[in-house]
Amino acid sequence: MIYIRSKEEIEIIRKSALMVSATLTEVAKLLRPGLTTLEIDKVAEQFIRDNGGIPSFKGYNGFPASVCISVNDVVVHGFPSKYELKDGDIITVDCGFYKNGYHGDSAYTFAVGDVKPEVLQLLKITKESVFKGVEQACDNNRVGDVSYAIEHFTSKVHPYGVVRELVGHGIGRDLHEDPQVPNYGRRGDGKRLKEGMVIAIEPMINLGKKEVFTWDDGWTVATKDGLPSAHFEHTTAVRKGKGEALSSFAPIEAAETANAELNSSYYSIVTAPVKVG
Ligand code: MG
Ligand code: MG
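Source: prediction; values computed, not measured.

A. Representation of the confidence of the model for the protein. Of the residues in the protein, 95% have a pLDDT of 70 or more, and the chain-wide mean is 95. Throughout residues 269–277 the model reports pLDDT below 50, and contacts reaching past four residues in sequence, or to other chains, amount to two contacts.

B. The arrangement of the coordination of the magnesium ion (ligand 2) in detail. D105 (OD), H169 (NE2), E202 (OE) and E233 (OE) make up the full set of protein donors to the magnesium ion (ligand 2), lying at 2.1 to 2.3 Å. Each donor residue of the magnesium ion (ligand 2) lies on one chain, and together they are spaced D-x63-H-x32-E-x30-E. Separating the magnesium ion (ligand 2) from the magnesium ion (ligand 1) is a gap of 3.1 Å, which D105 spans by donating to each of them. Residue H169 is located in strand 7 (residues 168–170), and its partner E233 is located in the loop between strand 13 (229–231) and strand 14 (234–237); the two are separated by 64 residues in the primary sequence. The residues H169 and E233 share a single accessibility class, namely buried.

C. Just the pairing of strand 9 (residues 198–201), in detail. Residues V198 and A200 point to one face of strand 9 and I199 and I201 to the other, with burial holding for every one of them. Of the strand pairs in this sheet, strand 7 and strand 9 are connected by two bridges, and their pairing is antiparallel. Bridged to H169 within strand 9 is A200. Across four bridges, strand 9 lies against strand 14 in antiparallel orientation. Residue pairing across strands places I199 opposite T236, the latter belonging to strand 14.

D. Layout of the packing of aromatic side chains. Within the structure shown, the criterion is met by seven aromatic pairs. Judged by centre distance (5.5 Å) and plane angle (80 degrees), the ring pair of F63 and F79 falls under edge-to-face. Of this pair, F63 sits in the loop between strand 1 (54–55) and strand 2 (67–71) while F79 sits in the loop between strand 3 (74–76) and strand 4 (90–99), and the two are 16 residues apart along the sequence. Taking the relative accessible area as the measure of exposure, F63 reaches 3% and is therefore buried. Ring centres of F63 and W219 lie 5.1 Å apart, and the angle between their planes is 75 degrees; this geometry places the pair in the edge-to-face category. Here W219 lies in the loop between strand 11 (212–214) and strand 12 (221–223) and F63 lies in the loop between strand 1 and strand 2, a separation of 156 residues in the sequence. An aromatic cluster is built from Y108, F110, F131, F232 and F249, whose rings are joined through pairwise contacts.

E. The sheet that holds strand 6 (residues 161–162), seen in detail. With respect to topology, three strands assemble into an open sheet ordered 6-10-13, the strand pairing being antiparallel. Here the strands that pair on one side only, and so sit at the sheet edges, are strand 6 and strand 13. Across two bridges, the pairing between strand 6 and strand 10 (residues 204–206) is antiparallel. Directly across from V162, in strand 10, lies its bridge partner I205. The strands touched by helix 3 (residues 117–136) within the sheet are strand 10 and strand 13, with strand 13 carrying the most contacts at an inclination of about 30 degrees.

F. Molecular detail of the nonpolar core. L24, L31, I40, L85, I91, V93 and F110 are the most contacted members of the largest nonpolar core, which has 50 residues in total. The element contributing the most residues to this core is helix 3, with six residues. With near-sequence residues (within four places) excluded, V93 lies in contact with L24, V27, I40, V67, C68, S106, A107, Y108 and F110. A65, Y102, A237 and L246 belong to the second-largest nonpolar core, a separate cluster that totals 15 residues.

G. Examining the side chain of N183 more closely. Considering the arrangement of structural elements, one finds N183 in the loop between strand 8 (177–181) and strand 9. Engagement of the side chain of N183 in a polar contact is seen with the backbone oxygen of E202, the distance being 3.1 Å. Other than its neighbours up to four places away in sequence, N183 contacts S147, I150, E151, V162, L166, E202, P203 and M204.

Calculation criteria
- Residues numbered from 1 in each chain as written.
- Chains lettered and ligands numbered in written order.
- Predicted model: local features only at pLDDT ≥ 70, side-chain atom pairs only at ≥ 80, totals over all residues.
- Heavy atoms only, no water.
- pLDDT = per-residue confidence, 0-100.
- Contact = heavy atoms within 4.5 Å.
- Donors = N, O, S within 2.8 Å, 3.2 Å for Na, K, Ca; no water.
- Helix = DSSP H or I, 4+ residues; strand = E, 2+ residues; numbered from the N terminus.
- Buried < 20%, exposed > 50% of the residue type's maximum accessible area, 1.4 Å probe, protein only.
- Pairing = 2+ DSSP bridges.
- Phe/Tyr/Trp six-rings, centres within 6.5 Å; stacked < 30°, edge-to-face > 60°.
- Axes fitted to C-alpha atoms, helices over the stretch in contact; angles between N-to-C directions.
- Core = buried A, V, L, I, M, F, W, Y, C linked by side-chain atoms within 4.5 Å.
- Polar contact = N/O pair within 3.5 Å; in protein donor to acceptor, adjacent residues only side chain to side chain.

Below you can see the structure in the form of C-alpha cells.
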C-alpha cells in the first residue's frame, strides 16, 4: 500500500526530516580524529530527545543505537562503538527522527581530516546522485525512473559499484513503507509515482565493486573488496515536474565548512612552526 499524504502530513514529515538534518549538523560540528562513534550516537540521541523527538532507529527490529554509523568499507547499519575516528576516515551517519506521528530519514557521509581525493570524489558523486533521483521523483514517473537515474550517473557516467541488496523506501507513519526504491533499474519500470507520495531516496555507492556482505552481528553491511562506500539520503516528496527534498544538506555543509576552517587554523598554529625549515 502506497500512501498519498495530505499537504499537512507532508509538512509534518518535512519537520521531522529537517530535524534529522539538524541532528546531522550537530554531528558535523564535532567530527574530528579521536572522537568515538559511540560519542556521536550519544550527542545525536540527546539532540533528538531535546527537540521532542524519538530516534526512529533505536530498537527498530532490535537495532541497538540511535543512529547507524558506518565507517570506510562499512556501507550501512554500522553499530556505534568505541572505535576512534582517524584522519582520512569517511563516516556515514544515518538518522531517523519521529515526532507527531511521522518519521524523517536522512543520511550523510562525512570526511574526517585529510581524505584521499578519489574517496572525496566518491562522496561528491554519491551526493549528486541523490539529486538525480530526487529530480525523477515526479508525478506520473515510475520508481524505475528514479532508480535508473541513480544507477546511470554512478555506474555509467562514473565508475562505481551500486549496492543492490539495500534500497530506498516509502516513509511516513512508518519508517519503512512501500514502495521499495532500488538504486538500479530500468526507466519506466515499477510502481507509478503520484504527487503526495513520500519516499526516501538513498544511494549506497561503492568505490570498487558492488558486492557486499553482512557481518556476524547480523546488521553491519560492508563491501566485499574492503574499499570505501558512501551513502546519502533525502526524504523526498513526489511533486509535479520534479521531486522535492524535504531534508536538507545545506546546514550540514555549512557546519562541515566551518569545522574544516576551525581545524585548518588549529593545524596552522600547532603544526606550522614544526614544518618550517
Ligand atoms: Mg536512513
Ligand atoms: Mg532510509
